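Inside the fold
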Amino acid sequence: MRDYTRFFQPATEQSFFLFGPRGTGKSTLMRKLFKDALWIDFLKPQTERTFTAKPETLYDFLAANKSVRQVVIDEVQKVPAVLTVVHDNIESKDARQFILTGSSARKIKRSGADLLAGRALNYTLHPFMATELGHDFDLAQALEFGLLPLINQAQDKEEVLQAYISLYLKEEVQAEGLVRNIASFARFLEGFSFSHGSVLNTTNVAKECEVARKTVENYISILSDLLLMYELPVFSKHAKRDLIKSNKVYYFDAGVYNALRPKGFLDQPGSIVGPSLEGLVLQNLIAWNDYSKNKSQIYYWHTRSDLEVDFIIYNANELIAIEVKNTKNPCPDDVKSLRAFLQDYPMAKCMLLYMGDTKRLQRNILCLPVKDFLMNLFPDKSCAIEP
């Protein structure tokens, strides 16, 4: 199994939480970065039972390993009560660094435990970025199977991806008691896939899944807390046009979306690949932003007259507009929304990402192959590419 260098850079002294969906490689990366750490793994049933019954067992572990300066607690959400001991240890001016990994903060918050009251940083680990894979990045494969390390390094990617979906239903949702009716939630996961890359309409999702609207809202909250979805607000700063107000939603990984999206004879060509491509670009942008020191805000732009730009990157230095099209030959109509955005924000840098293989200009808008864009996306560097 190939060992890829990840862009994530943790704090060297301060304690931190590292959240991220299952399969993003949290444990693997922490074992690589903190080789000499004291390791407490709550995925081991006996360890989970011991600490659930007596969280203060952590004091005994620490006392027996006084020379160890770093302590990794893996899947900390399974025993949230242990955070009280961690907090007490930090307050006692112990110089140890605690690394607390988990797939969700939901159970921690529901239990009443705090996130160490600001004593620990919060990080997120994402699926691979294309630039982390380097020459091994395969666009077609990424669109079909996504960029989760667990899936990327599997021999039978389709089988492991389907097992991954089942794992979440069983271990993250059912075992944690997050939903009462697992069958309804499974239908919701499929129904929600039709909203991937679209404005969220909870009423329509509820009808599709045959569940109450309030139930759908709760399910969406679960997806968000489990870090399984992204939600983009509308860019409305200094707006010159009437804009819609609703957020746009995506599954966190193109492969997960592709596995959950029902497919049928009546599907239009590109009806699945288009949203998958858009989501693939977004998940790389989200990771790029989280791993960068200087953060950006990521939006989309959508007017009442139905002009839409997929992604708006906004920070102190730049305003960047990105449209993604599943086409090998962009036409003038493909850059219509970008040109409208440029009229309102003449200082913006605009790009159309498409499935071709050469840079080109379409009505003075840079059209760039998607793969070229992804392979030039590095933390702490602008995501804008000049003509």
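Look above for the structure.
What this report covers is the structure whose coordinates are included nearby. Remember, it's a predicted structure, so these values are computed and weren't measured experimentally.

Each value, and the rule that gives it
- Residues numbered from 1 in each chain as written.
- Predicted model: local features only at pLDDT ≥ 70, side-chain atom pairs only at ≥ 80, totals over all residues.
- Heavy atoms only, no water.
- Buried < 20%, exposed > 50% of the residue type's maximum accessible area, 1.4 Å probe, protein only.
- Helix = DSSP H or I, 4+ residues; strand = E, 2+ residues; numbered from the N terminus.
- Pairing = 2+ DSSP bridges.
- Salt bridge = Lys/Arg side-chain N within 4 Å of Asp/Glu carboxyl O.
- Axes fitted to C-alpha atoms, helices over the stretch in contact; angles between N-to-C directions.
- Parallel < 35°, antiparallel > 145°, perpendicular 65-115°, else oblique.
- Left-handed = near helix turned anticlockwise from the far one by under 90°.
- Contact = heavy atoms within 4.5 Å.
- Phe/Tyr/Trp six-rings, centres within 6.5 Å; stacked < 30°, edge-to-face > 60°.
- Lys NZ or Arg CZ within 6 Å of the ring centre and 35° of its normal.

**Brief notes about the pairing of strand β9 (residues 297-302)**
Burial runs high along β9: five of the six residues are buried. Bridging between β9 and strand β10 (residues 308-314) involves five bridges; their strand directions are antiparallel. Bridge pairing in β10 links Y299 to I312. With antiparallel pairing between neighbouring strands as the criterion, β9 and β10 make up a hairpin whose turn holds five residues, including D306 at a positive phi of roughly 75°.

**Concerning the pattern of salt bridges**
Evaluated as defined, the whole model comprises 16 salt bridges. The closest approach of N and O atoms between E132 and R6, which form a salt bridge, is 3.2 Å. A residue pair is termed long-range when its members are at least 10 positions apart, and E132 in helix α6 (residues 130-133) and R6 in the segment before β1 (16-19) qualify at 126 residues. Accessibility classification places E132 together with R6 in one group, the buried group. Among the charged side chains, a network of salt bridges with common partners joins K248, E278, E308 and D310.

**As for the sheet that holds strand β8 (residues 248-251)**
Backbone hydrogen bonds are what pair the strands of a sheet, in a parallel or an antiparallel way. In spatial order, the strands read β6-β8-β7; together these three strands make up an open sheet with antiparallel pairing. Two strands bound the open sheet, and with one partner strand each, they are β6 (198-199) and β7 (229-232). Taken together, the two bridges between β6 and β8 define a ladder with antiparallel strand orientation. Bridged to S198 within β8 is V249.

**Side note on the sheet that holds strand β12 (residues 349-354)**
Spatially, the six strands line up as an open sheet ordered β9-β10-β11-β12-β14-β13, and their pairing is mixed. The open sheet has two edge strands, β9 and β13 (360-362), and neither has a second partner. Ignoring which end each strand starts from, the neighbouring axes of this sheet average 30° apart. Pairing of β10 with strand β11 (residues 319-324), which is carried by four bridges, proceeds in the antiparallel orientation. Residue pairing across strands places F311 opposite I322, the latter belonging to β11.

**A look at the packing of helix α10 (residues 182-193) against helix α11 (residues 202-209)**
Running from N to C, α10 and α11 cross one another at 130°; their axes reach a closest spacing of 9 Å. The angle between the axes of α10 and α11 places the two elements in the oblique class. In terms of crossing hand, the pair formed by α10 and α11 is right-handed. When α10 is examined against α11, the residues R187, F188 and G191 are found in contact with a partner set consisting of V205, E208 and C209.

**A few points about the packing of aromatic side chains**
By the definition in use, this model includes 23 aromatic pairs. On the numbers, 5.8 Å between centres and 35° between planes, the contact of F185 with F188 is tilted. Taken as a pair, F185 and F188 lie in helix α10 at a separation of three residues, close to a single helical turn. The same class applies to F185 as to F188, namely buried. Ring geometry for W301 versus F341: centroids 5.2 Å apart, planes at 80°, classification edge-to-face. Remark: F341 occurs in helix α15 (residues 336-344) and W301 occurs in strand β9; sequence separation between them is 40 residues. You can call F341 buried: its relative accessible area is 0%. These aromatic residues form a ring-pair network of at least three members: F235, Y299, W301, Y314, F341 and Y345. Over the ring of W39 we find R31; its NZ or CZ atom is 3.8 Å from the centre of that ring. The ring of F378 is capped by K381, whose NZ or CZ atom sits 5.5 Å from the centre of that ring.

Structural measurements only, silent on function.
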